[in-house]
Amino acid sequence: MGEWPIKSANKETINSLEEQIDANKQLWQGKKLYIWGAGVRGTLTGLLLEQHGFENFLYIDGDSRKWGKNICGHSICSSVEFLTTCTQNDFILIPLEYSEEVKSTLLAYEFVEKENFLILKTNESKTFVNHFLVKHNSKFLMIGGSLFNEVSLCEKGPSLAERLSSLFGENANILSINCLSLVGYYHLIRMKIMCNYIPKETCIFLTWDLMTEYAHLLPRNQHVELFELLKKNCDIYDQSLDDFIANTQKRSCNYKLEFEKSPIRVFEGSRPLLQYIHRNYLEKSLLFSLETSTESFEYLNRIIDICKQYSIRCSIFFLPYNYQFVEDYFGKEARAIVNKNMKIIEDIFLPRNIKLYDLGRLLESQYFETTVTVNDAIYNTGIKKLAQEIYKILSNKR
């Protein structure tokens, strides 16, 4: 039916969604199938449904920009339109991270869970907590985001986190979850210290979208469930952490901002409007003027301060980006913006004796599988090269 506008996903999310589709497919047999949410998780769910033989389904979404469009041939209708025309013969899959509001709405329309809808849950938060609670005296604490967990959907090889774990063994405690703000990074380090784990070195892995003025506000970056689970399992009583969790709960409901700042992955007709999509995404997440007064900068400085307080060395890594594609697409202006932003980073952190490793140009374009977000997927060869480079840098520092 066309090309899906997604090329990578969290490996555990893929496995979890596939297991739930296979285990529950009898629930929607003979019914009209919908996916609630035409974002990343909804897109991934649709791709996996097709791979499991379910090709007839539609999308429901609250974002008016998507109404009347389609994802790989699957039409997107408004949530209001659906709710005014729905019948008991409709079945809805809900892969959203924050699904309770949708569930409440459907229950109000007399839909019954597992008869008319199914919430697809994933285990990223529980897996993360298990990694967090591992008790060994690792030299390195590594905190990273999406690139650590995601794998190319066409290859499904080892993730970056898996490769680094294989290289470092128990010498590294690797904490990674998709889409987490630097405010979250900071509180993870604080909780590790409160749990009596003081690494010799903390390695913070960054991407440019984490440095935007709105990254800390996006609902997808809050992870309320994760931090509630960590607080419960670590038996931590801390007012600053409580205030942070309360704030994540408020921010997780800011759907309007999520709509405005998320990359568009929908189609007009049979082909995605790639030029518009790329420009839209890059202007928001890469080709912006870096501001040092943002909450992201504030918490990056707090990370450095808390590391110094506990005599922990701190290193900052900027992860690979498909700059070759960006510069071919936008010309010299793109290089100038990126260089200017990196200079701001260097001028602030190098005088503080922070090791800064810019791996942005480590991988050339052939290592990336580009669709919507330019960095959508890195092939196995690129992930392997990146893991080896990180290992080489940190091994040479011993």
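Remember, predicted model here, so these are calculated numbers, not experimental data. (Residues numbered from 1 in each chain as written. Predicted model: local features only at pLDDT ≥ 70, side-chain atom pairs only at ≥ 80, totals over all residues. Heavy atoms only, no water.)

### Some words on the pairing of strand β11 (residues 201–206)
Turning to step 1, where the next piece is worked out: Of all six residues that make up β11, six are buried, and the element is covered over most of its length.
Turning to step 2, where the next piece is worked out: With burial as the criterion, each face of β11 is covered, one bearing E201, C203 and F205 and the other bearing T202, I204 and L206.
Turning to step 3, where the next piece is worked out: The sheet contact formed by strand β8 (residues 140–144) and β11 spans four bridges and is parallel. For M142, the partnering residue across the bridge sits in β11 and is C203.
Turning to step 4, where the next piece is worked out: Across six bridges, the pairing between β11 and strand β14 (residues 313–318) is parallel. Looking at β14, one finds that T202 is bridged to C314. (Buried < 20%, exposed > 50% of the residue type's maximum accessible area, 1.4 Å probe, protein only. Helix = DSSP H or I, 4+ residues; strand = E, 2+ residues; numbered from the N terminus. Pairing = 2+ DSSP bridges.)

### Looking at the packing of helix α14 (residues 323–330) against helix α15 (residues 332–349)
Turning to step 1, where the next piece is worked out: Direction vectors running N to C along α14 and α15 enclose 130°, while the axes themselves pass 6 Å from each other. The angle between the axes of α14 and α15 places the two elements in the oblique class. Residues Y323, V326, E327 and F330 of α14 form the contact with α15, whose participating residues are K332, E333, A334, R335 and V338.
Turning to step 2, where the next piece is worked out: Residues of the contact of α14 with α15, tallied by class, amount to five nonpolar, no polar and four charged. (Axes fitted to C-alpha atoms, helices over the stretch in contact; angles between N-to-C directions. Parallel < 35°, antiparallel > 145°, perpendicular 65-115°, else oblique. Contact = heavy atoms within 4.5 Å. Nonpolar A, V, L, I, M, F, W, Y, C, P; charged D, E, K, R; others polar.)

### Overview of the packing of aromatic side chains
The relative placement of two aromatic rings is captured by the distance of their centres and the angle of their planes.
Turning to step 1, where the next piece is worked out: Applying the stated criterion across every chain yields a total of 16 aromatic pairs.
Turning to step 2, where the next piece is worked out: Between W28 and F91, the aromatic rings sit 5.8 Å apart at their centres with planes inclined by 45°, giving tilted as the arrangement. Pair noted here: W28 is in the loop between α1 (11–24) and β2 (32–36) and F91 is in strand β6 (residues 90–94), with a separation of 63 residues, a long-range link.
Turning to step 3, where the next piece is worked out: Overall, W28 belongs to the buried group, its relative accessible area being 3%.
Turning to step 4, where the next piece is worked out: You can call F91 buried: its relative accessible area is 0%.
Turning to step 5, where the next piece is worked out: Members of the aromatic cluster, connected to one another through ring pairs, are Y34, W36, F82 and F111.
Turning to step 6, where the next piece is worked out: Between the NZ or CZ atom of K192 and the centre of the ring of F132, over which it lies, the distance is 4.6 Å. (Phe/Tyr/Trp six-rings, centres within 6.5 Å; stacked < 30°, edge-to-face > 60°. Lys NZ or Arg CZ within 6 Å of the ring centre and 35° of its normal.)

### A look at the sheet that holds β11
Turning to step 1, where the next piece is worked out: If you trace the five strands from one edge of the open sheet to the other, you get β10-β8-β11-β14-β15, paired in parallel fashion. Across the chains shown, the open sheet's two edge strands, defined by having one partner strand only, are β10 (172–176) and β15 (355–358). Across the sheet, the mean angle separating the axes of adjacent strands is 15° when strand polarity is ignored.
Turning to step 2, where the next piece is worked out: Here helix α13 (residues 295–309) sits on the sheet in contact with β11 and β14, set at roughly 150° to β14.

### Remarks on the environment of F57
Turning to step 1, where the next piece is worked out: Within the secondary structure, F57 is located in strand β3 (residues 57–61).
Turning to step 2, where the next piece is worked out: Discounting chain neighbours no more than four positions away, the residues touching F57 are W4, L33, I35, G46, L49, E50 and H74.

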